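# Examination of the molecular architecture
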Amino acid sequence: MAAFIFRRLIQAIVVMVVVAFVSFLLFQYVGDPVVFLLGQDAKPEQIRQLRTDLGLDQPFFVQFWHFLVNAAQGEFGLSLRQGQKVSRLLGERFPATFELSIVAAALALLVGVPMGVYAALKRGKALSQVFMVVSLLGVSLPTFLIGILLILIFSVLLGWMPSFGRGETVQLGWWSSGLFTRDGWMHMILPAITLAIFQLALIMRLVRAEMLEVLRTDYIKFARARGLTDRAIHYGHALKNTLVPVMTITGLQLGGLIAFAIITETVFQWPGMGLLFIQAVTFADVPVMAAYLCLIALIFVVINLIVDLLYVVVDPRLRVGRAAGH
């Protein structure tokens, strides 16, 4: 296990360096930040001086090396637009994005898995067909349209929910949380549902498909022949054996929720990292954009490592295989 974790850590370092290089390379062509800072009427002397002050006059690999060394120390330089440390900006926005993603992921799991199990065990029932229609709509409708519809219904027409912002928060050290206030939860509901719908539909369809596949296997037939109850077969054997692919998708989707919450945060003006990234793209703020992608890549790497370790807990065959050296 230690050797496995060590190999994955080496792979993670390589992935992080590649992501940092590619992101830094691509963002060199999104625009000149000096033009955004000084405007079109700036004098050539001013432009040259600012480029020198920001280090933008140095060769690409020199700029990238400085970025890489600072990133290894948890520093990503200064934002070209706001003049503040990028690490501080991300630290201020990360709690909002993380809490929104965690609530959305919990909602998708707590609703999606039972719906998938019911749809597999009660095929042909009216409620099962409703679940399948809902899941089809969930994977078909774009996220921004779902968000706009929820705002129209629950904020504009009914006036039940706020339509933007994070609401009242509680400061816990450097972490700001909206999970301890009623106003924070009221602001959380609509964006969390918007972000969760696609993941919920995906998990539901995956659980249903895997459950149906497992129910057709020989060991389930043998369990029935032994006289086990349907409850023991469905939840003690069939559901447990659907968890490995579900964990894979859920782990990747959690990283996706954090990475691709950009649209939801833009629709609801949620003060998270996605909104910060959109603003950085608008002003060609290369340090913020590169740092954001590096952080997202790190989140994906950590989540994949955790999922791989959970495989061993869920599937005993993997423990046997590794013990035998396979």
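Residues numbered from 1 in each chain as written. Predicted model: local features only at pLDDT ≥ 70, side-chain atom pairs only at ≥ 80, totals over all residues. Heavy atoms only, no water.

Attention now moves to unusual backbone geometry. With phi around 50°, Gln 269 is a residue other than glycine that occupies positive phi space. On the basis of relative accessibility, which here comes to 43%, the residue Gln 269 falls in the partly exposed class. (Buried < 20%, exposed > 50% of the residue type's maximum accessible area, 1.4 Å probe, protein only.)

Turning to the packing of aromatic side chains, a few remarks are in order. On inspection of all chains with the given rule, the structure shows eight aromatic pairs. Ring centres of Tyr 118 and Phe 131 lie 5.7 Å apart, and the angle between their planes is 70°; this geometry places the pair in the edge-to-face category. A residue pair is termed long-range when its members are at least 10 positions apart, and Tyr 118 in helix H5 (residues 86–121) and Phe 131 in helix H6 (residues 126–140) qualify at 13 residues. A relative accessible area of 17% places Phe 131 in the buried class. Here a set of aromatic residues connected by ring pairs shows up, and it is made of Phe 21, Phe 61 and Phe 64. (Phe/Tyr/Trp six-rings, centres within 6.5 Å; stacked < 30°, edge-to-face > 60°. Helix = DSSP H or I, 4+ residues; strand = E, 2+ residues; numbered from the N terminus.)

Now for the nonpolar core. Across soluble globular proteins, nonpolar side chains have a tendency to be buried as a group. Formed by 34 residues in total, the largest nonpolar core has its most connected members in Leu 100, Met 188, Leu 195, Met 211, Ile 220 and Ala 238. Looking at this core, the elements with two or more residues in it are H5, H6, helix H8 (182–215), helix H9 (218–225), helix H10 (230–241) and helix H11 (243–259). Among the elements that take part in this core, H8 stands out by supplying 13 residues, more than any other. Apart from residues lying up to four places away in sequence, Met 211 is in contact with Val 117, Ala 120, Leu 121, His 234, Ala 238, Leu 239 and Thr 242. Val 86, Met 273, Val 286 and Ala 291 belong to the second largest nonpolar core, which has 30 residues in total. (Core = buried A, V, L, I, M, F, W, Y, C linked by side-chain atoms within 4.5 Å. Contact = heavy atoms within 4.5 Å.)

Across the interface, H6 lies against H8 with an axial gap of 8 Å and an inter-helix angle of 130°. With respect to each other, H6 and H8 are oriented oblique. By crossing handedness, the relation of H6 to H8 is classed as left-handed. Where H6 abuts H8, its residues Phe 131, Met 132, Ser 135, Leu 136, Gly 138 and Val 139 lie against Ile 197, Phe 198, Ala 201, Leu 202, Met 204, Arg 205 and Arg 208. When grouped by side-chain class, the residues that make up the contact of H6 with H8 number nine nonpolar, two polar and two charged. (Axes fitted to C-alpha atoms, helices over the stretch in contact; angles between N-to-C directions. Parallel < 35°, antiparallel > 145°, perpendicular 65-115°, else oblique. Left-handed = near helix turned anticlockwise from the far one by under 90°. Nonpolar A, V, L, I, M, F, W, Y, C, P; charged D, E, K, R; others polar.)

The residue Ala 297 is located in helix H14 (residues 286–314) in this model. Expressed as a C-alpha distance, the spacing of Ala 297 and Val 17, which sit 280 residues apart in the sequence, is 10.0 Å. Those residues in contact with Ala 297 that lie beyond four places of it in its chain are Met 16 and Val 19.

To continue, consider H6. Compared with the 21 Å implied by 1.5 Å per residue over 15 residues, the 21 Å span of H6 between its first and last C-alpha is a close match. Ser 128, Phe 131, Met 132, Ser 135 and Gly 138 are the residues of H6 that are buried. The arc that holds every buried residue of H6, seen down its axis, measures 120°, which confines them to one face. The exposed set on the far side of H6, more than 90 degrees from its buried face, consists of Ala 126 and Val 133. The inward-facing, buried residues of H6 abut H5 and H8. (Expected span 1.5 Å × (residues − 1). Arc of directions from axis to C-beta.)

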